[in-house]
Amino acid sequence: MKVTSGTVDLPKSLSLIDHTALMPQLELCAPYLAQTTPHILLRQTGCKSPLQKTGENYCQKNSPKTSSHPKTSGSASRLPPIKIKQLREKDGNTTLCESYIQILCQPYSIRLRQTQDPSRDEPPAMELTKTKAVAGGAVVVVLIVAAGLVGHFATPQTTCQEFQPPSTTTDTPTTTQAPPTLENYLLPTSLQPIHYDVKLQPFVNGNFSIMGHVEIEMVVREGTSNITLHMADITVRENTIMLKNKADLSAIQTAGHEYDAPREFFVVRLAEELPAGAEVVLSMGFEGFLNDELRGFYRSTYTNGNGDQIMLAATQFQPTDARRAFPCLDEPALKATFAVSLAREERMSTLSNMMIKATEPVEGQAGWVWDHYDTTVKMSTYLVAFVVSDFEFLSAMAGQTNFSVWARPEAMDQAGYSLDVGVDCLTYFESYFNIPYPLPKQDMVALPDFAAGAMENWGLILYRETAMLYSSAASSASNKQRVAVVVVHELAHQWFGNLVTPTWWTDLWLNEGFASFMEFIGVDHVEPTWRMMDQFVVDTLHYVFGIDSLESSHPISIPVGHPDEINEIFDSISYYKGASIIRMMYFFLTEATFKKGLTTYLNHFAYDAAAQDDLWQFLTEAAHEDDTLAADVSVKDIMDTWTLQTGYPVVRVERDAAGTSATVTQERFLLLPSASGRSDASWWVPLTVTSQDAPDFSQTRPSAWLPAGAPSTSLSGLPSADAWILLNLQQTGYFRVNYDAKNWELLTKQLADAHEVIHVTNRAQVMDDALNLARAGQLPYDTALGLTSYLAQEKEYTPWEAAMSSLSYIEKMFTRTAGYGPLRAYLLDLITPLYDDVGFEDDLSGLHLDQYKRVLALSWACHLGHPQCVAESLQLYNNPFTPPPANSAVSPNLKSTVYCTAIAGGGEAEWEAAWALYLEANVGAEKDRLLSAMGCTKEIWLLSRYLDMAFTDGSAIRRQDARTVFRAVANNDVGRYIAWDFLRNNWEAISSYMGAFTSLGDLISYVTAEFNTNEELQQLESFYEANLDNLGTATRAFEQAIESTRNNIGWMSSNYEAIVSWLDGVAETMWRECKVNVKAVKILTGYEETNITDTVANEDFPRTRSNIARELSSVTFQKTEGEYAEFSALPD
């Protein structure tokens, strides 16, 4: 699964669905309702007083289950009542009217369900009668009205839940056991599922209920007196629970059942113990719910070209939500085959993991059909998937595999690129792993609502639209790369995760780390000019270094039990550290050995589950066969030090006086020294070395190792002390390198004199290592900042990205200090030559990384207030708000910079213009850009309203995009504390709205990134302590935020004055150079010195001195050699 890293002027009048079309159905209810609700008034569903007094009383008296109102906050949530037309009297229809009343009473009812005439017996779950289907039609009609009544005014409103999903129940009371310990969240080991028959009828256009039936074939591995399944948000019909012997279908007597809510266990107790080896079939009917939480089997909507709202349903089961769609043994190692049947309306289509083998009518329900699917291969429950939609598709053949991409009709013109990438990469991976893709088809679907970036369901990969759809006219180079990367990531999972699955979520990194590494291998094949292996260092390695340098980081392989803990480790450590150490292994084993071991491993554990030690075994065997690893060393010896320990080392290199030998030591790298003292952690570190006398950066196999536990190792045969050495070639190892002062001097000189001698990836490494070593107090900032001066000559993207990413930390820490002015001037000095080189004119046909470099230069220049950059952005901003094709005046690559700069410099009008463009946009990438840009405004009230809208259903901001909005506001210097207050004041509501996945923790990271004062730390710690019991998946994020804030406070105390002093020194040096140039201009051009110096004195000195020095230098160099000699001879 690819996890993702993001408004709205509310309409001033309600936009309601015209309910006149409902009158034929509602008129039937008039006599029935007249006695109770003669004048029905509706409010926003779930808010206070949805009915008039008479209606409210009716609901309280007659609703079968009652509960208190959902909480609301403030008057903003109270909408004026909407009166429904007086119902005309006709013949009554009890069934229809009860359905209608049930909807009206929903805020008082725990669940929504179709009602039927009480005089009739309820039919079996999968045999819905025609009458009941009609009633369902009435339910959806009223449901749509209720949903449509969610109005919006200029003042944002607190969200009220439209529906409450059913609690997991049976038709009899359940037994809730004491809170379990982490150790017993696993199912008992007594049963192994063999096969599931799953039948589901989701009422996508109805009341969102799911009528279901499941049969589970199991073999008894150990004698047992109960059968334990997972189940959540499902109601089981007690009289349908049946257990039979598989051989003769004879009944096995059950003694009852109970539900263990904390563990989501549904337990069927047996009258007699089942012996080991017995094969049984458990079946039951149940009712579920299409929730709006983007997990389990959930509902979604989009608006088509005619303005109609179209419903669809999709799934997200990883890691623990298959149990919300059907009862199952929901653990990754408990693999089985699945025969799926999905009922749908004829005008819609369904998708599942396999191909449809037959379609037949649903008996007694006109307009409905069953799609019966081929039986799957053996696989985990979390990989089962369904989609019910009206989507269209494109297809091509990838070898023997039918490959299709699906999207809403209006977006099909954006699906071609992902199809091309998918077809190419699927066949490439078949060759790379030497294992054919095992399914007959591969579907990829772009969904309007999806919690993660994408999900690797076997044969049915689901995506956010921004991760699968690409428009050459509206998508940027980074959007295109994201599509390619995510598609390849998910296809890599078809082998890593699907074919071979981790035994338990402790080894999630085997899934995500491998897919995150293979995405670079695969995209490098599909798009070889993008230099993906160079990008890995700045995109993945440097990013995760920052997180893994905190004490509150965690090992890559970590025990987890509770679903919250499982969700919590879908994080950067599992994905990016996993990818980084796999890349390290790829280089120290060599690619040939790496591939050989992987293929053997995948074949051995195909359709089964494995742990990391299994992988180490097969890689060790391959390495010893190929002699790429010493016979007395195993991959497990090496890799356990990287997977079972937190963090990574900094390797220190101290050369002797002659320079010809060096002592190498290691210790854990922390941004702030540990309060508990020096860590005793150590790693097996592969050492690769080159030097100035014979620079060769291609030898990425280690020439030596620094073993774990060894105090040091020696390197010999080095050049003399006047030549530099450099370790960690192409930064293939997961560690930082620190040198003695002399070697840093030599590297600085090499970069200044001829930086191309050093490999481009190692130039990025030197920038990132030096600035982060300085941040940790292990290298003087004079040395680290001095290295950056060479950037004026740098033309490659990756060193620039590494440098500016590290410098951005200093910029963030200085934002609210007096030192920000000199720092901003210095950063402008750095970026201006690059800005001048790339220009504002974009070239969409240019090299991929040249486009990235231009985006970097322009975004930094505008952010720092470069006058020309800001002026260009403001000028271009008017163009997008004219009909196409005029809006193509702004290149997709530059839109983020142009939009943000103009909105930041404007007011309400600029914000509203962007919001109008957002509502009209049909390309997900464009919507995403606009959501981020609208957070750039400096208007406090707009930012406050924007946050309210982002966490309010019906505001036109999708739930999946709330994180994007929050991040944009939190990244804004004006919006940061607005976002922090919003988060604290609405924590429970936000937690509920965001659901259980990892995005909740991201909010904490975004809003606290620049905290660096004791007051902010106190606020953070107080909130953490007050809410410790309900932080859920955000617990680790809070712990890391607290540690980061302490680090920031310590950093400011230790480094602020030193950096300001260094900046003053640079400014003074530049000023002296400027004065020399002023004198030269007087001699060479006849300008009066006093006029020029007066100009300098009257302008903003930090910005002007560099521009004037540069301009005067250019004047000087246009003169003759004799005149230039006269200039050179001038005294200071």
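Above this text sits the structure in question.
Residues numbered from 1 in each chain as written. Predicted model: local features only at pLDDT ≥ 70, side-chain atom pairs only at ≥ 80, totals over all residues. Heavy atoms only, no water.

Peer 1: Quick question: what am I supposed to make of the overall build of the chain here?
Peer 2: Per the secondary structure count, the chain includes 35 helices and 33 strands. Looking at the 1132 residues of the chain, the share that counts as buried comes to 60%. (Helix = DSSP H or I, 4+ residues; strand = E, 2+ residues; numbered from the N terminus. Buried < 20%, exposed > 50% of the residue type's maximum accessible area, 1.4 Å probe, protein only.)

Peer 1: Quick question: what am I supposed to make of the packing of helix α29 (residues 987–994) against helix α30 (residues 999–1008) here?
Peer 2: Each pair of packed helices gets described by two things: the angle between the helix axes and the distance between those axes. Between α29 and α30, the shortest axis-to-axis distance is 9 Å and the interhelical angle comes to 135°. In this view, α29 runs oblique relative to α30, as classed from their interaxial angle. Mapping the contact onto sequence places Trp987, Ile990, Ser991 and Met994 in α29 and Ser999, Leu1000, Leu1003 and Ile1004 in α30. For the contact of α29 with α30, the residue count by class is six nonpolar, two polar and no charged. (Axes fitted to C-alpha atoms, helices over the stretch in contact; angles between N-to-C directions. Parallel < 35°, antiparallel > 145°, perpendicular 65-115°, else oblique. Contact = heavy atoms within 4.5 Å. Nonpolar A, V, L, I, M, F, W, Y, C, P; charged D, E, K, R; others polar.)

Peer 1: Got a minute to help me understand the sheet that holds strand β23 (residues 460–464) in this structure?
Peer 2: In a beta sheet, neighbouring strands are held together by backbone hydrogen bonds and run either parallel or antiparallel to one another. Taken in spatial order, the five strands make up an open sheet running β19-β20-β21-β23-β22, and their pairing is mixed. Looking along the sheet, the strands with just one partner apiece sit at the ends: β19 (392–398) and β22 (454–455). As defined by bridge partners, β22 adjoins β23 across two bridges and the pair is classed as antiparallel. Bridging across to β23, Met455 finds its partner in Leu462. Strands β20 (401–407), β21 (441–447), β22 and β23 of the sheet are contacted by helix α8 (residues 477–493), whose axis makes an angle of about 150° with β23. (Pairing = 2+ DSSP bridges.)

Peer 1: I tried to follow the state of the cysteines on my own but got confused; where do I start?
Peer 2: Formally, a disulfide is one covalent bond, and it connects the sulfur atom of one cysteine to the sulfur atom of another. Taken as a whole and assessed by the stated rule, the structure comprises two disulfides. Through a disulfide, Cys862 is tied to Cys869; the S-S separation comes to 1.9 Å. Between Cys862 and Cys869, the S-S torsion sits near -100°, and that sign places the bridge as left-handed. Cys869 matches Cys862 in its accessibility class, with the two residues each being buried. (Disulfide = S-S within 2.5 Å.)

Peer 1: Got a minute to help me understand the nonpolar core in this structure?
Peer 2: For soluble globular proteins, nonpolar side chains are generally found buried alongside one another. In terms of nonpolar packing, the biggest core is built from 318 residues, with Phe326, Phe814 and Phe966 touching the most fellow members. One finds Phe203, Val362, Trp368 and Trp370 within the second-largest nonpolar core, a separate group that totals six residues. (Core = buried A, V, L, I, M, F, W, Y, C linked by side-chain atoms within 4.5 Å.)

Peer 1: So what exactly am I meant to see when it comes to helix α6 (residues 416–433) here?
Peer 2: Each turn of an α-helix holds 3.6 residues, which means side chains three or four residues apart point in the same direction. When the terminal C-alpha atoms of α6 are compared, their 26 Å separation across 18 residues agrees well with the 26 Å that a helix rising 1.5 Å per residue should span. Along α6, the residues classified as buried are Tyr417, Ser418, Leu419, Val421, Gly422, Val423, Cys425, Leu426, Phe429, Glu430, Tyr432 and Phe433. Where α6 ends, the next residue or the one after it, Asn434, has phi of about 55°, a positive value. (Expected span 1.5 Å × (residues − 1).)

Peer 1: Would you take a moment to explain the pairing of β19 for this structure?
Peer 2: Two faces make up the sheet, and in a regular strand the side chains alternate between them. When β19 meets β20, the two strands line up antiparallel, connected through seven bridges. Bridging across to β20, Ala396 finds its partner in Phe403. The turn joining β19 and β20, which pair antiparallel and follow one another in sequence, is formed by two residues; a positive phi near 65° is taken by Gly399.

Peer 1: Looking at this structure, how should I read the side chain of Asn738?
Peer 2: Mapped onto the elements of the fold, Asn738 is located in strand β33 (residues 736–739). Sequence-distant contacts of Asn738, defined by excluding residues within four places in its chain, comprise Val650, Val651, Arg652, Val653, Trp744, Leu773, Gln778 and Leu779.

Peer 1: What's the story with the packing of aromatic side chains in this structure? I'm lost.
Peer 2: Two numbers describe a pair of aromatic rings. These are the distance of the centres and the angle of the planes. Enumeration over the complete set of coordinates arrives at 64 aromatic pairs. Ring geometry for Tyr543 and Tyr576: centres 5.6 Å apart, planes at 85°, overall edge-to-face. Residue Tyr543 is located in helix α10 (residues 532–548), and its partner Tyr576 is located in helix α12 (residues 572–589); the two are separated by 33 residues in the primary sequence. Residue classification places Tyr543 among the partly exposed residues on the basis of a relative accessible area of 45%. Measuring from centroid to centroid gives 5.6 Å for Trp987 and Phe1038, while their planes differ by 70°, and the two rings are edge-to-face. Of the two residues, Trp987 is situated in helix α29 and Phe1038 in helix α32 (residues 1035–1085); the sequence distance between them amounts to 51 residues. Classification of Phe1038 as buried rests on a relative accessible area of 0%. (Phe/Tyr/Trp six-rings, centres within 6.5 Å; stacked < 30°, edge-to-face > 60°.)

Peer 1: Can you help me understand the packing of helix α19 (residues 797–814) against helix α20 (residues 820–838) in this one?
Peer 2: Where α19 meets α20, the closest approach of the two axes is 10 Å, and the angle between their N-to-C directions is 160°. Taken together, the axes of α19 and α20 lie roughly antiparallel to each other. The way α19 lies across α20 gives a crossing that is left-handed. Seen from α19, the contacting residues are Trp800, Met804, Leu807, Ile810, Glu811 and Phe814; seen from α20, they are Tyr820, Leu823, Leu827, Leu830, Ile831 and Leu834. Of the residues assigned to the contact of α19 with α20, the class counts are 11 nonpolar, no polar and one charged. (Left-handed = near helix turned anticlockwise from the far one by under 90°.)

Peer 1: Please explain the pattern of salt bridges as it appears in this structure.
Peer 2: Any two side chains of opposite charge can pair if their charged atoms end up close together. A full pass over the atoms with the stated rule returns 44 salt bridges. Arg324 serves as the salt-bridge partner of Asp233, at 2.8 Å between the closest nitrogen and oxygen. Here Arg324 lies in the loop between β13 (309–316) and β14 (337–345) and Asp233 lies in the loop between β6 (224–230) and β7 (235–236), a separation of 91 residues in the sequence. Accessibility classification places Asp233 together with Arg324 in one group, the buried group. (Salt bridge = Lys/Arg side-chain N within 4 Å of Asp/Glu carboxyl O.)

Peer 1: Help me understand the sheet that holds strand β27 (residues 662–668), please; the structure alone is not making it clear to me.
Peer 2: Reading across from one edge, β31-β27-β26-β33 is the order of the four strands in this open sheet, with mixed pairing throughout. Because the sheet does not close on itself, it has two edges, and the strands there are β31 (713–715) and β33. Within this sheet the neighbouring strands show an average axis-to-axis angle of 30°, counted without direction. In this structure, β27 lies alongside β31, joined through three bridges in antiparallel fashion. Within the sheet, the bridge partner assigned to Thr663 lies in β31 and is Ser714.

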